[in-house]
Amino acid sequence: PESGPSPAQGVGPLYRPDGEKPTATVSKEVSYENVHVLPQTPQLIALLTMIRDKRTSRADFIFYSNRIIRLLVEEGLNHLPVVEQSITTPVGRSYLGVKFEGKICGVSIMRAGEAMEQGLRDCCRSVRIGKILIQRDEETCMPKLFYDKLPTDIAERWVLLLDPMFATGGSATLAVETLIERGVPEHRILFLNLIASPSGVAEFAERFPKLRVVTSFIDQGLDEKKYIIPGLGDFGDRYYSM
Ligand code: URA
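(A) Geometry of the site of the ligand. Looking at the ligand, the residues that line it are Met165, Ala167, Lys226, Tyr227, Ile228, Gly233, Asp234 and Phe235. A distance of 2.8 Å separates a nitrogen atom of the ligand from a polar atom in the backbone of Gly233. Backbone polar atom of Phe235 to an oxygen atom of the ligand: 2.8 Å apart, as the coordinates give it. When the ligand is considered free in solution it has 240 Å² of accessible area, and contact with the protein chains removes 81% of it. Its residues assigned to classes, the shell around the ligand shows five nonpolar, one polar and two charged.

Written out as structure tokens, the structure reads:
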């Protein structure tokens, strides 16, 4: 029979047919139009494999996370509006292209979300970046807003909300509520995230149907300590301190 590379050789984008890939290697699907999962390319899966591996050094964890963050930012920017723009090239030809319309800002959910700020800056020079600190209230055990510093004109901007791990969605929900209170329309919020839990992202997408989530992978679920599984452990610890 005709033979291309056989799946057993493990080469090429279709190293195994989808139905035969290990389940933890395939992002779960969610049926919400406002949830966008990055294309599950071999490159993305290889990057995710690096950052999920407990043996990966801190330097490599930072390097490979940054590459995924860059992909998320680039995809997030695809959701911003553009208008037509006609230009002339150096050889005198005209070209009808597009340009971005509208102002943007980033808002990171501290501390792990701060790891995504540079990826946004690399794509959008001199972008304004705000911060939100949410922690568990010791008395009520509920997420509580401890601090925020947001651009004063945030209500006029598109907001790229940054948080790498989306477990229960408690912090992200409070962050979105804070942005809406400050006058940001829901449809102008894009939530960028590396790994999401299926329940967290589903609840969030239903609660805020007009905002968009861009994630690189929807994982299997949560363990009893609310860590994402298979996950990658504590993102902040691995990025900042281990
Ligand atoms: N935050 C993390 O850093 N990891 C998880 O698995 C869940 C929340």
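(B) Here's a closer look at helix 1 (residues 42–52). Restricting attention to buried positions, one finds in helix 1 the residues Leu44, Ile45, Leu47, Leu48, Ile51 and Arg52. What you see down the axis of helix 1 is that its buried residues fit within an arc of 160°, all on one side. Among the structural elements, helix 2 (58–77), strand 9 (189–196), strand 10 (212–218) and helix 6 (235–240) are those in contact with the buried residues of helix 1.

(C) Up close: the nonpolar core. Judged by nonpolar contacts, the single largest core of 37 residues is most densely connected at Leu194 and Phe235. At the level of secondary structure, the elements contributing two or more residues to this core comprise helix 1, helix 2, strand 7 (157–162), strand 9, strand 10 and helix 6. The element best represented in this core is helix 2, accounting for seven residues. For Leu194, the contacting residues outside a window of four places in its chain are Ile51, Ile68, Ile69, Leu72, Met116, Asp163, Pro164, Thr215, Ser216, Phe217 and Phe235. One finds Val107, Ile109, Ile189 and Phe204 within the second-largest nonpolar core, a separate group that totals 27 residues.

(D) Main features of helix 2. In this model helix 2 runs 28 Å from its N-terminal to its C-terminal C-alpha over 20 residues, within 8% of the 28 Å that 1.5 Å per residue would give. All of the buried residues along helix 2 are Phe61, Tyr64, Ser65, Ile68, Ile69, Leu72, Val73, Gly76 and Leu77.

(E) Main features of the environment of Ile218. Counting through the fold element by element, Ile218 comes out in strand 10. Placed 189 residues apart in sequence, Ile218 and Glu29 show a C-alpha to C-alpha distance of 7.3 Å. Dropping the residues within four chain positions of it, Ile218 is found in contact with Ser27, Lys28, Val30, Val35, Val37, Ala196, Ser197, Pro198 and Val201.

(F) The arrangement of a nonpolar patch on the surface in detail. Together, Val82, Val98 and Phe100 give the surface a local cluster of nonpolar side chains, amounting to about 290 Å² of exposed area. Mapped onto the fold, Phe100 is located in strand 3 (residues 94–100). Given the relative accessible area of 52%, Phe100 is considered exposed.

(G) Seen up close, the pattern of salt bridges. Summed over the entire model, instances satisfying the criterion amount to 13 salt bridges. Of the charged contacts in the structure, one is a salt bridge between Arg111 and Asp237, with a shortest N-O distance of 3.0 Å. Of the two residues, Arg111 sits in the loop between strand 4 (103–110) and helix 3 (117–123) while Asp237 sits in helix 6, which places them 126 residues apart along the sequence. Among the residues examined, Arg111 registers a relative accessible area of 38% and is labelled partly exposed. Asp137 serves as the salt-bridge partner of Lys144, at 3.9 Å between the closest nitrogen and oxygen. For Lys144, a relative accessible area of 39% puts it in the partly exposed group. With a relative accessible area of 15%, Asp137 lands in the buried category. Residues joined by salt bridges that share partners form a network here, namely Lys103, Asp153, Glu156 and Arg157.

(H) Examining the side chain of Arg212 more closely. Looking at the secondary structure, you find Arg212 in strand 10. Of the polar contacts made by the side chain of Arg212, one reaches the backbone oxygen of His79; its length is 3.5 Å. Sequence-distant contacts of Arg212, defined by excluding residues within four places in its chain, comprise Asn34, His36, His79, Trp158, His187, Ile189, Leu190 and Phe191.

(I) Region of the structure containing the packing of aromatic side chains. Evaluation of the coordinates by the stated rule reveals eight aromatic pairs. Centroid distance Phe166 to Phe204: 5.0 Å. Interplanar angle 85°. Geometry classified as edge-to-face. You can see Phe166 sitting in strand 8 (residues 165–166) and its partner Phe204 sitting in helix 5 (residues 198–207), a full 38 residues away along the chain. For Phe166, a relative accessible area of 1% corresponds to the buried category. Since its relative accessible area comes to 2%, Phe204 is described here as buried. For the ring pair Phe204 and Phe208, a centre distance of 5.3 Å and an interplane angle of 70° mean the geometry is edge-to-face. The burial state of Phe204 is the same as that of Phe208; both residues are buried. One aromatic cluster is present, formed by Phe61, Phe235, Tyr239 and Tyr240 through successive ring pairs. The ring centre of Phe146 lies 5.3 Å from the NZ or CZ of Lys144, which sits over that ring.

Rules used throughout
- Residues numbered from 1 in each chain as written.
- Predicted model: local features only at pLDDT ≥ 70, side-chain atom pairs only at ≥ 80, totals over all residues.
- Heavy atoms only, no water.
- Near = heavy atom within 4 Å.
- Polar contact = N/O pair within 3.5 Å; in protein donor to acceptor, adjacent residues only side chain to side chain.
- Areas by Shrake-Rupley, 256 points an atom, 1.4 Å probe, with all protein chains shown as cover.
- Nonpolar A, V, L, I, M, F, W, Y, C, P; charged D, E, K, R; others polar.
- Buried < 20%, exposed > 50% of the residue type's maximum accessible area, 1.4 Å probe, protein only.
- Helix = DSSP H or I, 4+ residues; strand = E, 2+ residues; numbered from the N terminus.
- Arc of directions from axis to C-beta.
- Contact = heavy atoms within 4.5 Å.
- Core = buried A, V, L, I, M, F, W, Y, C linked by side-chain atoms within 4.5 Å.
- Expected span 1.5 Å × (residues − 1).
- Patch = residues over 30% accessible without salt bridge, like charges linked within 9 Å, V, L, I, M, F, W, Y side chains within 5 Å.
- Salt bridge = Lys/Arg side-chain N within 4 Å of Asp/Glu carboxyl O.
- Phe/Tyr/Trp six-rings, centres within 6.5 Å; stacked < 30°, edge-to-face > 60°.
- Lys NZ or Arg CZ within 6 Å of the ring centre and 35° of its normal.

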